[in-house]
Amino acid sequence: MKALLHHIKSFLQSSHFKIYAKRFGFFILGCIAFVIIASGALSFYFNQNKTEIIAKINTKINENINGKFHVGDFQYKFLTGFPNFTLALKDVEIKDNQWHIHKHTLLKAKEIEVRLNVWSLLQNEINIHKMLINDADIYVYKAENGYSNANLFKPKKKKSAGDKSDTETSIDQIDLNDVHFTLDNHVGHKLFDFEIESLKSKVDFDGDNWETDVYLRTNIESLAFNTVHGSFAKQKILEGTFNVSYSDEKEKIDVVTKNLKIGTDSFDIIAFFNLTEGKALFGINISTTILWQNASNLLSANISSKLNRFDLKEEIDVNCDIKGDFNQEGDPKIVVQAEVKNNELSIPDGLITDCGFKGIFTNNFKPKDGFNDANSAVILTRFSGKYKNIPLTIPQAVINNLEKPLATGIVNSDFDIENLNEEDTEKWIHFTEGHASANLKFQFDIVDLYITKPRFIGNVNVKDVSFHFIPKNLHAEKVNVQLDFTEKALLIKKIAYKHNKNIIYLEGKIDNFLNLYYDAPEKMIVNWDIYCPNIDLKQFLGVLASSQKKKVTAKKATMSDQLRNAIEKCVVDINIKADKINYNKLTATNTKAEIQMIDSHLVIKNGSLQTSGGSITFNTTISPNGKNYNFVSNAQVNRVDIASFLKSFNNFGITSFSPKNIKGRLSSHANVSGFINSRGELLTNSMHGKLDFKVTQGALLNFEPIVKVGKFAFPFRDVQNITFSDLSGNLNMRGEQIDINNLLISSNVLNLDINGIYSFGRGTNLALTIPLRNSKNDAKLASQEERDAVRDRGIVLHLVAVDDEGKMKIKWGKKGKEK
């Protein structure tokens, strides 16, 4: 190593190296001197021929334009661009011949640097090698009538093959720095506005064809294909290199660029621009991988304002195709395709997780209807995801007409019912088990990008669902439901509702469901056919309980809120058949009724049942009233066993005798009202109304008030076993008190007429008229007239039954005249 360094040092100090170094230095000095002398000569040449050169440049420019070209001054730049001849044109302006009408200057530059080929210049020809435009404004204007200020350039004459000239004027390189470029097209309402920081291009010519790589860095002020809708990529920095080529035969410019930066994202772009006379066709294809929000912010305001309401968490692959004609009014054709995989989609109505789909946007959904929002659509295919833990698959969906968006498609789902449970504090239904599957065609409006009035056609199957309906405190277990949505109705099939030992089979129908569900739920009528093998009616009174209204802050109604609203407001018509119904101690068979539920009111029409050996027909209304239920009933009782019937209704609260004191067949007509509690028990003293009754084959057994009287009044009669040939009366019930009118008792022991007031509490005052004659044989008389004629013969006792500190006492005398 030391030997090598010593050898190098010896060479540098040798005389041969010093001779070579001196000669090389003279060569460099000679080159510098030559450049200086040549530049000086060119400067001298310019100063000597300035007028002629300027005249040639003006002539050359004026030969090619129909307008005015103005230069404030010409300067020669010493040594700049050597060996080319460099001129600086100061304060340059180019105006077309109609500038005085539209006032838009095509070019206004503080400086344009032009580098001329020296050899061509010496041969009295202008050949521009390079042009640099600095600190300039370029404004290309196109009026509504099609006129453009860029038309000042005269068309180039076509030359024959023999006329080709090597000295033909061309510009090999163009550089732009700090240039404001505007393309204002009033024909198509298009506005392209760029603040060009730098543009560099070197052109390779092949006859009339050419190719160049253009480096561009610019700020996009406006890229509006339709100024009504706004600009694409507004206020974004664009930077990249474009491969641009021109074909004279096709009259078309092709552009290709890779990794073009727009903002912070990279794009691959392929474009073409057709220069055929009369048409200005163009096409731009853009590909990228980008975040949803970044892509949305690159689009025009009419699109981004809608897309910004959505978001995708991860990047997506996007391809955008734009085609149009610069000379045509309106938007170009835009088709955007995106591929989404394993993403998280935010929508105004919520969040869809595990999301994947292929999406297409087009503003030309129907080819003959133009390129506009009304003819725009978003098409989704192979959509899958989870909405509020509910898995959804949509083979295809279309959101059509972005002015009044309407979504249509098919949705499939298969999930556990517990996924429907809401997380908010205002729960109204809670599911504990069950499974559902759905296959539905859907259609819904999108108002302000929120889903409204979804409509479905198809079916939903629910198996073994158990739930708690909180407003009614209603529990259900192992319910199966089949829902069929049609154009005309909702069909509800195969419901088997199990509750404790009760089983109810239901099938229903809601006519005009799709229209009334949203617009007029109070007009929606749910028709039910119900069959019950065996049911305890008291267990279902909770269905009528009033929902507690909570004051909540105003918020947008959800689909769950809409369903709850419809359930609470709809009218329910029920045709019910029951083999056996238990109500308290009453057991009824062969029950039929038409039931209507309106706003928590239960209306029962044409009810009929068999019980206690007889039958009952009735019409009843039951309404919630606080913690109890108010009923209004019109009933006809036909030959029921009176003891069993009274026992079933807890003797209607009467304590002075029990059902074991009486027997016979009861027929009555009642028009009454009253209250029952949540356990289905009649509230004592609550009944009001009128009751007419008649007992046949009746008997009074060990009725204490009669037995007490009989001990001293009829010692030789069997007052413990009284049989009746006539027992009828008319009662007016007034809560705690009952007005007894014409209660006639005709028996084998005695006849008895009762009038007055009977009270369940205090205030009993009954007048008893008792003929003392033995009526044992009255029943053998042939007619009622004969029985009436002998009824009051003989001694007649007048007694009163009055309240004495809560106990009934029998006294002598008439009502109001006690003795």
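A. Spatial organisation of the overall build of the protein chain. Looking only at helices and strands, the protein chain features 11 helices and 38 strands. Expressed as a percentage of the 819 residues in the protein chain, the buried residues total 42%. If you take every contact in the protein chain between residues at least 6 apart in sequence, the share linking residues at least 24 apart comes to 52%. Put simply, the protein chain shows about 44800 Å² of open surface, and 55% of that area lies on carbon and sulfur atoms.

B. Structural view of the pairing of strand S36 (residues 796-804). Note that strand S35 (residues 765-771) and S36 share 7 bridges and pair antiparallel. Following the sheet pairing, Asn765 is matched in S36 by Val802. Taken together, the 6 bridges between S36 and strand S37 (residues 807-814) define a ladder with antiparallel strand orientation. Bridge pairing links Asp804 to Lys807 in S37.

C. Representation of the environment of Leu176. Note that Leu176 resides in strand S5 (residues 173-185). Look at Leu176 and you get buried, because its relative accessible area is 9%. Along the primary structure Leu176 and Ile133 are separated by 43 residues, whereas in three dimensions their C-alpha atoms are 4.9 Å apart. Apart from residues lying up to four places away in sequence, Leu176 is in contact with Ile133, Ile138, Ile196, Glu197, Ser198 and Leu199.

D. Spatial organisation of the nonpolar core. Leu89, Ile112 and Trp528 are the most contacted members of the largest nonpolar core, which totals 166 residues. At 7 residues, the largest contribution of residues to this core is made by strand S19 (residues 429-447). When sequence neighbours within four positions are dropped, the list of residues in contact with Trp528 reads Ile492, Ile495, Leu506, Glu507, Gly508, Val572, Asp573, Ile574 and Asn575.

E. View of the side chain of Thr764. By secondary structure assignment, the location of Thr764 is in the loop between strand S34 (751-759) and S35. Polar contacts involving the side chain of Thr764 include one to the main-chain amide nitrogen of Ser759, which spans 3.0 Å.

F. The confidence of the model for the protein chain, seen in detail. Here the protein chain shows a mean pLDDT of 78. Residues at 70 or above account for 78%. Within the model, the stretch residues 544-554 combines pLDDT values under 50 with 19 contacts to residues more than four positions away or in other chains.

G. How the structure looks around a negative patch on the surface. Taken together, the side chains of Glu785, Glu786, Asp788 and Asp792 define an acidic patch exposed on the protein surface. With relative accessibility at 45%, the residue Asp788 sits in the partly exposed group.

H. Focus on empty space enclosed by the protein. Inspection of the entire model under this criterion finds 2 cavities of 30 Å³ or more. Residue lining of the largest cavity: 18 residues in total, with His229, Asn302, Ile303, Asp331 and Ile334 positioned closest to the centre. Taken together, the residues of the lining of the largest cavity sort by class into 7 nonpolar, 8 polar and 3 charged.

I. Here's a closer look at the packing of aromatic side chains. A complete count under the given rule lists 5 aromatic pairs for this structure. With 6.3 Å between their ring centres and 20° between their planes, Tyr505 and Tyr531 make a pair best called stacked. Taken together, the residues Tyr505 in strand S23 (residues 502-511) and Tyr531 in strand S24 (residues 525-536) connect sequence positions 26 residues apart. Of the residues examined, Tyr531 reaches a relative accessible area of 34% and is grouped as partly exposed.

J. Summary view of the pattern of salt bridges. Inspection of every chain in the model, using the stated rule, returns 13 salt bridges. Here Asp254 ties to Lys252 by a salt bridge, and the two come within 3.6 Å at their closest N and O atoms. Given the relative accessible area of 21%, Lys252 is considered partly exposed. Put simply, Arg734 and Asp739 hold a salt bridge, and the shortest N to O gap is 2.8 Å. Look at the salt bridges and you will find they share partners, linking Glu93, Lys95 and Lys108 into a network.

K. Looking closely at the environment of Ser658. Tracing the backbone through its elements, the reader meets Ser658 in the loop between helix H9 (642-648) and strand S30 (662-676). Accessibility expressed as a relative area gives 22% for Ser658, which makes it partly exposed. As a C-alpha pair, Ser658 and Leu701 span 43 residues in sequence and 10.0 Å in three-dimensional space.

L. Structural detail: the side chain of Gln482. Turning to its location among the elements, Gln482 is positioned in strand S21 (residues 474-485). For Gln482, a relative accessible area of 19% translates into the label buried. Here the side chain of Gln482 touches Asp484 through a polar contact of 3.4 Å, side chain to side chain. Filtering out sequence-adjacent residues up to four positions away, Gln482 remains in contact with Val460, Asn461, Leu491, Ile492, Lys493 and Lys494.

M. Quick peek at unusual backbone geometry. In this structure, Asp464 takes a positive phi of about 50° despite not being glycine. Of note in the backbone geometry, Asn590 takes a positive phi value of approximately 50° without being a glycine. Mapped onto the elements of the fold, Asn590 is located in strand S26 (residues 586-598).

Reading guide: rules and limits
Residues numbered from 1 in each chain as written. Predicted model: local features only at pLDDT ≥ 70, side-chain atom pairs only at ≥ 80, totals over all residues. Heavy atoms only, no water. Helix = DSSP H or I, 4+ residues; strand = E, 2+ residues; numbered from the N terminus. Buried < 20%, exposed > 50% of the residue type's maximum accessible area, 1.4 Å probe, protein only. Contact = heavy atoms within 4.5 Å. Areas by Shrake-Rupley, 256 points an atom, 1.4 Å probe, with all protein chains shown as cover. Pairing = 2+ DSSP bridges. Core = buried A, V, L, I, M, F, W, Y, C linked by side-chain atoms within 4.5 Å. Polar contact = N/O pair within 3.5 Å; in protein donor to acceptor, adjacent residues only side chain to side chain. pLDDT = per-residue confidence, 0-100. Patch = residues over 30% accessible without salt bridge, like charges linked within 9 Å, V, L, I, M, F, W, Y side chains within 5 Å. Salt bridge = Lys/Arg side-chain N within 4 Å of Asp/Glu carboxyl O. Lys, Arg positive; Asp, Glu negative; His and termini not counted. Charge placed at Lys NZ, Arg CZ, Asp CG, Glu CD. 1 Å grid on protein atoms, 1.4 Å probe; cavity = no way out; pocket = protein on both sides within 12 Å on 5 of 7 lines; lining within 4 Å. Points joined across faces, edges and corners; volume = space filled by probe spheres on them. Nonpolar A, V, L, I, M, F, W, Y, C, P; charged D, E, K, R; others polar. Phe/Tyr/Trp six-rings, centres within 6.5 Å; stacked < 30°, edge-to-face > 60°.

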